[in-house]
Amino acid sequence: MSTIVVVGAGVSGLTCALQLAKQGGNTITVVAKHMPGDYDPEYTSPFAGANVLPMAPEYNRWEGETWPELKRLAETCPEAGIHFQKAVLYRRAQDEAAGFAGPLSDGLFVRNPWYKDLVPDYVDLPASEVPEGMSSASSFTSVCINTAIYLPWLVGQCRARGVVFKRAVLKHISDAAKLSHTGRKPDIIINATGLLSCRLGGVMDKKVMPARGQVVLVRNEATPNMVCTSGTDDGNGDELCYIMQRAAGGGTILGGTYMKGNWDGVPDPNIATRIMKRAVEACPALTGGKGIEALDVIRHAVGLRPYREGGVRIDKENINGTWVVHNYGHGGWGYQGSWGCAFRVQELVDEIKSELKLGSKL
Ligand code: FAD
């Protein structure tokens, strides 16, 4: 058996822990400052919508390999809190002219995207279904994840396979060397500390910064589709309009913002008003045509996405004599890339085990 300590209990750490537990041959401890059930803007995972809107400009294995697993869970595992929902993307002419360089600046809105062959039912909508102010629209079948159910479900799946969970706040990534529940020094540490990897000793990644996401969670459930527009008329260029209904009574998320470098964890009431107005305009059925006063707010919230300049970091590094596999910096796609990233982490773990002659399954 190899001894592994996973640092971080967000979607990245939990998915890696589960994948490594499923593989067998690993004794795993998950240590984290925040666990599912906690709400803190620096612990991003609970605040995500979360849905699948592929963002990479071309095929990437993170999103490509995650979709089949989320689809399988939506089809066969109701207790995971994931359901299918149709996603409708609306493009504004000015965003298209600017090459979709808005807050998401990604491959989501381009025409004829790579992911049309990944997700089911991708179609361009006829002009009659494109609202005023939008130049075109597309739709496909996606999923929406109720994070309040999915994160505890991941914990449960891990615990059923013998993973042990402990609270700890690490000053340095090498502190994990003392934290395996076995008392042994771990062979491998997985660093899934998200945004706080910019402050963790031994990592201190200056390319990591928050992309502030403000949302409103409401009880209204009138929208049959998830809606996302390529830009907004009244925001500051870092605001978005999206609506998604979480599975299993999780309410509807209205978003949002994507403010790079902004650490403010307190919801801004002016932004909240704009988010709600845009949502009701994009989907009047949310309030039966009655305006934002008829929104039944569960909470206003802010989560700080772990944005990393140059993209996600998934690699291995020997720090103070112990192998560390990094998996952080997923920005706004941590759920929709979670399984693909965990598969890569497993490959790196296998390489290290092989090198350490620890009975790798390579
Ligand atoms: P986190 O969830 O932040 O977890 C980090 C973990 O590391 C925590 O347990 C923390 O306590 C621990 N940790 C950190 N430092 C230390 C330390 N020093 N000692 C001990 N423990 C430590 N993604 C999608 O795929 N689809 C979406 O629709 C989507 N929508 C989003 C909407 C919003 C408003 C936001 C904010 C995000 C959204 N995202 C979405 C992005 C997604 O939420 C993130 O990419 C993902 O949650 C990152 O997960 P993580 O596990 O890497 O980090």
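Residues numbered from 1 in each chain as written. Predicted model: local features only at pLDDT ≥ 70, side-chain atom pairs only at ≥ 80, totals over all residues. Heavy atoms only, no water.

Undergrad: Can you help me understand the packing of aromatic side chains in this one?
TA: Here a ring pair, both rings aromatic, is described through the centre-centre distance and the interplanar angle of the planes. Counted by the stated rule, this structure contains ten aromatic pairs. Measuring from centroid to centroid gives 5.8 Å for Tyr150 and Trp153, while their planes differ by 15°, and the two rings are stacked. Of this pair, Tyr150 and Trp153 both sit in helix H4 (residues 147-160), separated by three residues, roughly a single helical turn. Judged on exposure class, the residue Tyr150 and its partner Trp153 are both buried. Following the ring pairs from residue to residue traces out a cluster consisting of Tyr59, Trp114, Tyr115, Tyr122 and Phe140. The ring of Tyr39 carries the charged tip of Arg299 above its face, separated from the ring centre by 4.7 Å. The ring of Trp323 is capped by Lys316, whose NZ or CZ atom sits 5.6 Å from the centre of that ring. (Phe/Tyr/Trp six-rings, centres within 6.5 Å; stacked < 30°, edge-to-face > 60°. Helix = DSSP H or I, 4+ residues; strand = E, 2+ residues; numbered from the N terminus. Buried < 20%, exposed > 50% of the residue type's maximum accessible area, 1.4 Å probe, protein only. Lys NZ or Arg CZ within 6 Å of the ring centre and 35° of its normal.)

Undergrad: Sorry, what's going on with the sheet that holds strand E15 (residues 322-328) here?
TA: Sheet strands pair via backbone hydrogen bonds, and the direction of the pair is either parallel or antiparallel. One open sheet accounts for six strands, arranged E6-E2-E1-E7-E15-E14; its pairing is mixed. Of all strands in the sheet, those with a lone pairing partner are strand E6 (164-167) and strand E14 (313-319), marking the two edges. Taken pair by pair, the neighbouring strands of this sheet meet at an average axis angle of 20°, ignoring direction. Relative to E15, E14 runs antiparallel, the two being bridged by seven bridges. Paired with Asn318 across the strands is Trp323, a residue of E15. Helix H6 (residues 338-355) rests against strand E1 (2-7), strand E2 (26-32), strand E7 (188-191), E14 and E15 of the sheet, and its axis sits at about 25° to E14. (Pairing = 2+ DSSP bridges. Axes fitted to C-alpha atoms, helices over the stretch in contact; angles between N-to-C directions. Contact = heavy atoms within 4.5 Å.)

Undergrad: Just to check I follow, could you spell out the UniProt feature "binding site: D-dopa" (unreviewed entry) in the protein for this structure?
TA: Mapped onto this structure's residue numbering, the UniProt feature "binding site: D-dopa" (unreviewed entry) falls at Tyr242, Arg305 and Gly332. Along the chain, Tyr242 falls in strand E10 (residues 239-245). Exposure remark for Tyr242: the relative accessible area of 11% places this residue in the buried category. Look past the residues within four positions of Tyr242 in its chain and what remains in contact with it is Val215, Val227, Cys228, Ile253, Leu254, Gly255, Gly256 and Arg305. When its relative accessible area of 13% is taken as the criterion, Arg305 is described as buried. (UniProt positions renumbered as here; feature names shortened; annotations may be inferred.)

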